[in-house]
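# A closer look at the structure
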Amino acid sequence: MGHDESDQVLGYPLPGATALEPPAEWADLRDRCPVARVKLPSGDEASLLTRYDDVKQVLSDPRFTRQLDAPDAARVSANESGGVFNSSLASSVPQTGEGHQRWRRMLTKWFTAKRMAALRPEIEAMADRLIDEMVEHGHPADLKASLGFPLPVWVICDLLGVPDSDRDKFAHWSDTLLNLTRYEQPEIDAAQKEFAEYMAAHISAKRVKPGEDLLSELIIGTDADGGGLSDTELVGTGQGLLVAGHETTANMIGKMIGMLLADRRLWEQLVADRSLVRTAVEEALRFDANAGFGIPRYIGERIEVSGTVLPAGTTVVCSMAAANRDDAAFDAAAEMDLTRSPNVHLTFGAGAHSCLGQALARTELQAVLTVLLRRLPTLHLAVPARDLRPVEGLAVGGLRELPVRW
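Below you will find a few notes about this structure. (Residues numbered from 1 in each chain as written. Predicted model: local features only at pLDDT ≥ 70, side-chain atom pairs only at ≥ 80, totals over all residues. Heavy atoms only, no water.)

That bond from Y12 to P13 is cis: its omega, 5°, falls within 30 degrees of zero. Relative to the elements of secondary structure, P13 occurs in the loop between β1 (10-11) and α1 (25-32). Of note, the bond from S341 into P342 is cis; its omega dihedral lies within 30 degrees of zero at -5°. Within the chain, S306 stands out as a residue other than glycine whose phi angle is a positive 50°. As for its position among the elements, S306 is in the loop between β7 (303-305) and β8 (308-310). Positioned with a positive phi, A332 is a non-glycine residue whose angle comes to about 45°. You can see A332 is positioned in the loop between α14 (320-323) and α15 (358-375). (Helix = DSSP H or I, 4+ residues; strand = E, 2+ residues; numbered from the N terminus.)

The next thing to look at is the nonpolar core. With 86 residues, the main nonpolar core has I257, L369 and L372 as its most contacted residues. Broken down by element, this core gets its largest block of residues, 12 residues, from helix α11 (residues 231-262). Aside from chain neighbours lying at most four places away, what touches L369 is M256, I257, L260, W267, L270, V277, A280 and V281. (Core = buried A, V, L, I, M, F, W, Y, C linked by side-chain atoms within 4.5 Å. Buried < 20%, exposed > 50% of the residue type's maximum accessible area, 1.4 Å probe, protein only. Contact = heavy atoms within 4.5 Å.)

One open sheet holds the 3 strands; their spatial order is β5-β11-β10, and the pairing between them is antiparallel. What marks the edges here is a single partner per strand, and that holds for β5 (141-142) and β10 (380-381). Sheet analysis places β10 next to strand β11 (residues 403-405), joined by 2 bridges and oriented antiparallel. Within β11, the position partnered with L381 by the bridge is V404. (Pairing = 2+ DSSP bridges.)

Of all 5 residues in strand β3 (residues 45-49), 4 are buried, a share of seventy percent or more. The pairing of strand β2 (residues 35-39) with β3 spans 5 bridges and is classified as antiparallel. In the strand pairing of β3, V35 is matched with L49. Linking β2 back to β3 in an antiparallel pair, the connection comprises 5 residues, with G43 at a positive phi of about 95°. In terms of strand pairing, β3 meets strand β9 (residues 315-318) through 3 bridges, oriented parallel. The residue bridging S47 from the neighbouring strand is V316, located in β9.

Laid out in structure tokens, this is it:
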């Protein structure tokens, strides 16, 4: 942006042209203003990064921290707790340094690609059952409500050993903690308190009678030094996995199918060649223009990014979705190519804090797509793609519903 525009501050998040299309500003920002000043929902200012190399650099640089509760850090949302990024949910698990690495190592043992692949037959069987119910009710149907939402909730409940019958509670708690605009502080406080109490009771019960699930294993498990996770860490872990593990994947299922059906040729390409499912999932993850807020980071020292000096106390927002559309990193970045390989998108982040559950998310997305292609090859949108409506105010992007016929 020219010198005369340097005082311009964009409202953030930037709205997309439609629910599946990117904001028009991304290309311009990447091109002319890779470090842009933005105003967050709280009214505080931050610096927005949109280029692939910059986003990757910042996410991999430990000087850009998760200390979003620092006195001079920008608050994301207007409520006191600052939303999901700097709530008690984040503070109950060590966010930096050796404590965080220890916590991650204990969880990473569970979330291996091999272990997630072993879950795949169960996930596909569950997808089949949900599709049976959807088909029974007839069309048009809302694929998000029928399949996209219940499947990841079921998977994460199964992993954590919590009853699937409590899933409505989890949905409410997740929504309250992830929504940046819809709820007032008393509602957020109440949801956080109920959620923490529920999880604490669940963990106490597991201590007495462990099962085959992840939380039981973490309760019994110890790190290399023989230390285990504290109750506070266990509660935070259970909460974090429930929120992260269901809301993001539920929304991604809807967006992925929406993208593939919006350009019918893509769906037909997959129907004709199922071997493309794995690369198609990666491309949907890269191409997702409605990915939500992005990742905020805070710096306690002066650092230069893309030729711009960021003073100490700056909050930076990394837009992985904008970075994933950078022509400097991807050939024909604005095109959806189901055969794209390699595909080094940043959707799951980068560096020490990259998404723990990415093997699970990939497994779920591949399973859903595989089952849908087999069961409903004639699937198509029941409304024009431009009429799909985005979810408002969530820290993770999504579609409100995905009306389909078959």
